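Chain and residue survey
Here are the chains, one letter per residue:
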Amino acid sequence: MRRILVTSALPYANGHIHIGHLVEYIQTDVWVRFQKLRGRCCRYFCADDTHGTAIMIRARQEGLGEEELIARMRQDHVADFTGFQIEFDNYGSTNSPETRRYCGEIWSSLRKAGLVDERAVTQLYDAQAGTFLADRFVKGTCPKCGATGQYGDNCDKCGAHYNPTDLIDPVSTLSGTTPEIRTADHLFVNIEKLHPFLEEWTQRGGHLQSEVANYLAGHFLGEPLHDWDVSRPAPYFGFEIPDSPGNYWYVWFDACIGYMGSTQQWCDRHGERFEDWWRSPDTEIHHFIGKDITYFHTLFWPALLHVSGFSLPEKVHIHGFLTVNGEKMSKSKGTFIRASTYLEHLDPAYLRYYYASKLASRVDDIDLNFDEFIAKVNADMVGNVVNLASRTAKFAATTGLATSYPDDGGLFAQAATDGQAIAESYEAGDYAKAIRLILAAGDRANQFVEQRAPWNLRKDPAKVDELRDVCTIGLNLFRQLAIYLAPVLPRLAQQTGELFNDPILSWDQSQKPLLGKPVGKFAHMMQRIDPKRVEAMVAASQEPADVEPLPESVPFDNDAALLAEPLTETISFDEFARVDLRVARVIAAEDVHGAQKLLRLTLSLGGRNHLNVFAGIKGAYEPEELVGRLVICAANLAPRKMKFGVSEGMVVAAGGAGEIFLLSPDSGAKPGQRVH
RNA sequence: GGGCCCGUAGCUCAGCGGUUAGAGCAGGGGACUCAUAAUCCCUUGGUCGUAGGUUCGAUCCCUACCGGGCCUACCA
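First, a word on scope: everything that follows refers to the structure included in this document. (Residues numbered from 1 in each chain as written. Chains lettered and ligands numbered in written order. Predicted model: local features only at pLDDT ≥ 70, side-chain atom pairs only at ≥ 80, totals over all residues. Heavy atoms only, no water.)

Below, the discussion takes up the overall build of chain A. In terms of regular secondary structure, chain A is built from 22 helices and 26 strands. In terms of overall dimensions, chain A is more spread out than a globule: its C-alpha atoms have a radius of gyration of 33 Å, far above the 26 Å expected for 676 residues. For chain A, the C-alpha atoms occupy an extent of roughly 105 × 75 × 45 Å along the three principal directions. In chain A, which comprises 676 residues, the proportion classed as buried is 51%. Taking the intrachain contacts of chain A between residues at least 6 apart in sequence as the baseline, contacts between residues at least 24 apart amount to 72%. Carbon and sulfur atoms provide 50% of the accessible area of chain A, an area that totals close to 31,900 Å². The centroid of the 68 positive side-chain charges in chain A is displaced by 5 Å from the centroid of its 87 negative side-chain charges. (Helix = DSSP H or I, 4+ residues; strand = E, 2+ residues; numbered from the N terminus. Rg over C-alpha atoms; globule rule 2.2 N^0.38 Å. Buried < 20%, exposed > 50% of the residue type's maximum accessible area, 1.4 Å probe, protein only. Contact = heavy atoms within 4.5 Å. Areas by Shrake-Rupley, 256 points an atom, 1.4 Å probe, with all protein chains shown as cover. Lys, Arg positive; Asp, Glu negative; His and termini not counted. Charge placed at Lys NZ, Arg CZ, Asp CG, Glu CD.)

By secondary structure assignment, the location of Ile-473 is in helix α17 (residues 464-485). Assessed through its relative accessible area of 1%, Ile-473 is described here as buried. For the pair Ile-473 and Tyr-405, spaced 68 residues apart in sequence, the C-alpha to C-alpha distance is 7.5 Å. Setting aside residues up to four positions removed in sequence, Ile-473 forms contacts with Tyr-405, Pro-406, Asp-407, Asp-408 and Phe-448.

Turning our eyes to something else, we now look at empty space enclosed by the protein. Under the definition given, this model contains five cavities of 30 Å³ or more. There is about 70 Å³ of room inside the largest cavity. Considering each element in turn, the lining of the largest cavity owes the most residues, three residues, to strand β14 (residues 315-319). In terms of residue class, the lining of the largest cavity is made up of four nonpolar, five polar and two charged. What lines the second largest cavity is simply Leu-388, Leu-411, Ala-415, Ala-441, Gly-442, Arg-444, Ala-445, Leu-477, Gln-480 and Leu-481. Of all the secondary-structure elements, those providing two or more residues to the lining of the second largest cavity are α14 (411-427), α15 (431-452) and α17. In terms of residues, the lining of the second largest cavity owes the most to one element, α15, which gives four residues. The residue makeup of the lining of the second largest cavity, split by class, is seven nonpolar, two polar and one charged. (1 Å grid on protein atoms, 1.4 Å probe; cavity = no way out; pocket = protein on both sides within 12 Å on 5 of 7 lines; lining within 4 Å. Points joined across faces, edges and corners; volume = space filled by probe spheres on them. Nonpolar A, V, L, I, M, F, W, Y, C, P; charged D, E, K, R; others polar.)

Below you can see the structure in the form of structure tokens.
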């Protein structure tokens, strides 16, 4: 009996599930449901990834214990998955005795194999927070280019890489204090010793998509693999390493092992043997992951499994990222949509279908374009597939299905044959192709109904048999589609089962027509998407419930000024470029007698190029304090004749009545330079 | 700097060493009225990123370039 063990990457307990995560869980769930529908012995395991510094910090911020934090987040995660009809056989946690047990087992294998080295690592340490600082918790000045506010590993500005200990003026983002440099012993896995094995495993046997294999060959395997630092000194939320007190396994060490912990929990509940799933040649292991964690799942994880004598993955299925309307998800644009927010507004079937229609077995990113999302679901699912039942079920309610299958010109047989290609596409992860084939069958079925026009047949009592036959065909063709779509749309399959009082449990049901059954009362199986619901969902996402606390060094500003004077309409770059802003030096300033708000300024653009400008800044600035300073002026304004003379430009300032702040360039700017 | 992937109709994508390169959506015209303004028929639309090369023949293979995306473990 072929057994299949499937996993999705473990979501981190530091955040909520969003529509980007769902690409993976939907992709995996479809595959698992497909396997189960085909009669395979397939089990789907996942868990929360709960360890690490980020969890410690967050727990501290929220005034919770780590255990409490992860317990809460787990509840939310499970609720989100349930809402999207993602059906795990077990959903565990890395913070479980089962996971700890397998960490220990694998660890001792690594020790026995002589792959563990120990050496000192120097890191920044936050004495106030009492913790070593990961790169992203340190900010400072780039040692190469002097840019400020850079993280501990590399510089945004010049791209330099460095150690956090090289940062100039480092500051801990946890406490705002200056970290000290401390040294601690870390444990390393000498993965280079497994280089030949990894070369072989990644490049042969079809375990990886070809582009991934190429990527690894070109990127990591062409030279010695670096040791993997798998320990963190206390305090750390995780498992203490049994033979190295005071040190904890790094979160990425136990993350993948969480797959095993979850499996063990399921085994315990069902009286199964763990060995049958992780140490048996009869079991295929399939991991579904995002491309961001390729490294861990295609090099370290196989290495750990190999050393410990566990089965290696048959295949690691790697997908790309989600973009929304062609861009990265954005909180300010409302496209960073949480699973729970989606569920408040829309049917999960829409997203399951849309993702399925986009997914192929490639690492490409997929885009959720809302216009396309609405059009696709409405046209394909409601207009094509569900419509088939909608337009025939009513006529068949009195007659039921015929007792022998009528001549349909080979439509049912063709769709039954197509089932092979559809199944192969699902199996290969090319859901987009499966969907194309299914929709093509739906098109043929709609054409058939159109030609035989049951709405005309029912007008003639003599044609009641023909009417029943046409509906029998139409409904059976629909049912085939529902079976093929069952992995993607479990609820549609269930509703279809109820319509005919014959539950859909197996792929094989698509190969034989259903006959002689009564047809239940038809109820809409899927509502069209109202674009307003999508808008509402985006609007609801625009105010992020997940407010990221800003580092203490950056003050929080309220939006009073923006509200007082809202943004004006968008302009093109060309329109902006028409305004010629220049650096200018104030070389003379005087009060304008008789004017309430005006000062008269003489601006120099360098050389003998002077502008005479009347500026409405009287009261905010004394004339004498302006002389000599640099300002920004709009230099190509048409001269304007005023009561007191001609003004040849404007000085740029922020604020309004009562508060005026002139803009000035940073030191070094020269009069006459254009502001771009 | 290096690597991987991609560039086919307005949009999303199939395809592929060999007749005249396809589908869905969008656009245009018509039909129907059973169905959730669904469905059906007809139709507009592409120098298959550019330039070379291999070949009897290239959208497909090779090379370079251009454009886009992603990755880059103290960089190779």
